[in-house]
Amino acid sequence: MQAQGIPADTITYNAAISACGKGGQWQWALQLMEHMQAQGIPSNTITYNAAISACEKGGQWKRALQLMDDMQAQGIPANTITYSAAISACEKGGQW
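These figures come from a predicted structure and were not determined experimentally.

## So, the overall build of the chain
On a plain count of helices and strands, the chain comes out with five helices and zero strands. A globule of 96 residues ought to have a C-alpha radius of gyration of about 12 Å, and the chain, at 13 Å, matches this closely. Counting only C-alpha atoms and orienting by the principal axes, one finds that the chain spans roughly 45 × 30 × 20 Å. For the chain, the share of sequence-separated contacts (at least 6 apart) that also reach a separation of at least 24 residues comes to 56%. In the structure as shown, the chain presents an accessible area of about 5,600 Å², 54% of it carried by carbon and sulfur atoms. Separation of charge centres in the chain, based on 5 positive and 6 negative side chains, amounts to 8 Å.

Next up, the structure:
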(Lines give C-alpha, C1' and ligand atoms only; values in the text may rest on other atoms or scores of the structure.)
Protein backbone atom coordinates (compact mmCIF):
# COMPACT_ATOMS: atom_id res chain seq x y z
CA MET A 1 0.00 0.00 0.00
CA GLN A 2 2.70 2.44 0.97
CA ALA A 3 4.52 1.86 -2.33
CA GLN A 4 1.39 3.12 -4.11
CA GLY A 5 1.25 6.27 -2.01
CA ILE A 6 -1.68 5.07 0.08
CA PRO A 7 -1.11 5.80 3.75
CA ALA A 8 -1.26 2.66 5.84
CA ASP A 9 -3.73 3.25 8.63
CA THR A 10 -6.44 1.32 10.43
CA ILE A 11 -8.98 1.97 7.68
CA THR A 12 -6.77 0.76 4.83
CA TYR A 13 -5.75 -2.35 6.75
CA ASN A 14 -9.37 -3.08 7.63
CA ALA A 15 -10.28 -2.88 3.95
CA ALA A 16 -7.42 -5.18 2.97
CA ILE A 17 -8.23 -7.71 5.71
CA SER A 18 -11.88 -7.68 4.64
CA ALA A 19 -10.92 -8.20 0.99
CA CYS A 20 -8.76 -11.18 1.95
CA GLY A 21 -11.67 -12.68 3.83
CA LYS A 22 -14.03 -12.23 0.92
CA GLY A 23 -11.46 -13.91 -1.32
CA GLY A 24 -11.14 -16.90 0.98
CA GLN A 25 -7.60 -15.95 2.01
CA TRP A 26 -7.87 -16.16 5.80
CA GLN A 27 -4.11 -16.73 6.15
CA TRP A 28 -3.36 -13.45 4.38
CA ALA A 29 -5.95 -11.67 6.50
CA LEU A 30 -4.21 -12.80 9.68
CA GLN A 31 -0.79 -11.93 8.28
CA LEU A 32 -2.00 -8.43 7.47
CA MET A 33 -3.33 -8.11 10.99
CA GLU A 34 0.05 -9.17 12.40
CA HIS A 35 1.84 -6.71 10.12
CA MET A 36 -0.56 -3.98 11.19
CA GLN A 37 0.25 -4.61 14.84
CA ALA A 38 3.99 -4.79 14.14
CA GLN A 39 3.77 -1.36 12.49
CA GLY A 40 2.04 0.06 15.56
CA ILE A 41 -1.19 0.73 13.71
CA PRO A 42 -4.08 0.30 16.15
CA SER A 43 -6.71 -2.32 15.48
CA ASN A 44 -10.36 -1.85 16.35
CA THR A 45 -13.62 -3.76 16.40
CA ILE A 46 -13.86 -3.57 12.61
CA THR A 47 -10.36 -5.04 12.24
CA TYR A 48 -11.24 -8.00 14.41
CA ASN A 49 -14.64 -8.45 12.77
CA ALA A 50 -12.98 -8.65 9.36
CA ALA A 51 -10.38 -11.15 10.62
CA ILE A 52 -12.97 -13.28 12.43
CA SER A 53 -15.13 -13.26 9.31
CA ALA A 54 -12.14 -14.34 7.22
CA CYS A 55 -11.55 -17.24 9.61
CA GLU A 56 -15.24 -18.12 9.46
CA LYS A 57 -15.13 -18.30 5.67
CA GLY A 58 -12.02 -20.47 5.89
CA GLY A 59 -13.52 -22.87 8.43
CA GLN A 60 -11.04 -21.77 11.10
CA TRP A 61 -13.33 -21.73 14.13
CA LYS A 62 -10.52 -22.08 16.67
CA ARG A 63 -8.70 -19.08 15.24
CA ALA A 64 -11.93 -17.09 15.21
CA LEU A 65 -12.43 -17.77 18.91
CA GLN A 66 -8.78 -16.96 19.63
CA LEU A 67 -9.29 -13.59 17.94
CA MET A 68 -12.26 -12.96 20.22
CA ASP A 69 -10.04 -13.74 23.21
CA ASP A 70 -7.41 -11.34 21.84
CA MET A 71 -10.06 -8.63 21.48
CA GLN A 72 -11.08 -9.00 25.09
CA ALA A 73 -7.47 -9.00 26.30
CA GLN A 74 -6.83 -5.75 24.42
CA GLY A 75 -10.02 -4.12 25.66
CA ILE A 76 -11.54 -3.89 22.19
CA PRO A 77 -15.32 -4.20 22.42
CA ALA A 78 -17.13 -6.91 20.51
CA ASN A 79 -20.44 -6.17 18.80
CA THR A 80 -23.26 -8.07 17.12
CA ILE A 81 -21.16 -8.62 13.98
CA THR A 82 -18.33 -10.07 16.06
CA TYR A 83 -20.60 -12.58 17.78
CA SER A 84 -22.42 -13.46 14.58
CA ALA A 85 -19.18 -14.21 12.71
CA ALA A 86 -17.83 -16.27 15.62
CA ILE A 87 -21.05 -18.27 15.93
CA SER A 88 -21.05 -18.86 12.18
CA ALA A 89 -17.43 -20.04 12.34
CA CYS A 90 -18.33 -22.54 15.06
CA GLU A 91 -21.35 -23.72 13.10
CA LYS A 92 -19.30 -24.26 9.95
CA GLY A 93 -16.71 -26.10 11.98
CA GLY A 94 -19.31 -28.43 13.44
CA GLN A 95 -18.84 -26.92 16.91
CA TRP A 96 -22.43 -25.89 17.34
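## Section: the confidence of the model for the chain
Confidence in the prediction of the chain, expressed as mean pLDDT, is 92, and 95% of residues score 70 or more. Predicted confidence in the chain is weakest over helix H5 (residues 80-92), with a mean pLDDT of 93, and strongest over helix H3 (residues 45-57), with 97.

Rules of the game
- Residues numbered from 1 in each chain as written.
- Predicted model: local features only at pLDDT ≥ 70, side-chain atom pairs only at ≥ 80, totals over all residues.
- Heavy atoms only, no water.
- Helix = DSSP H or I, 4+ residues; strand = E, 2+ residues; numbered from the N terminus.
- Rg over C-alpha atoms; globule rule 2.2 N^0.38 Å.
- Contact = heavy atoms within 4.5 Å.
- Areas by Shrake-Rupley, 256 points an atom, 1.4 Å probe, with all protein chains shown as cover.
- Lys, Arg positive; Asp, Glu negative; His and termini not counted.
- Charge placed at Lys NZ, Arg CZ, Asp CG, Glu CD.
- pLDDT = per-residue confidence, 0-100.

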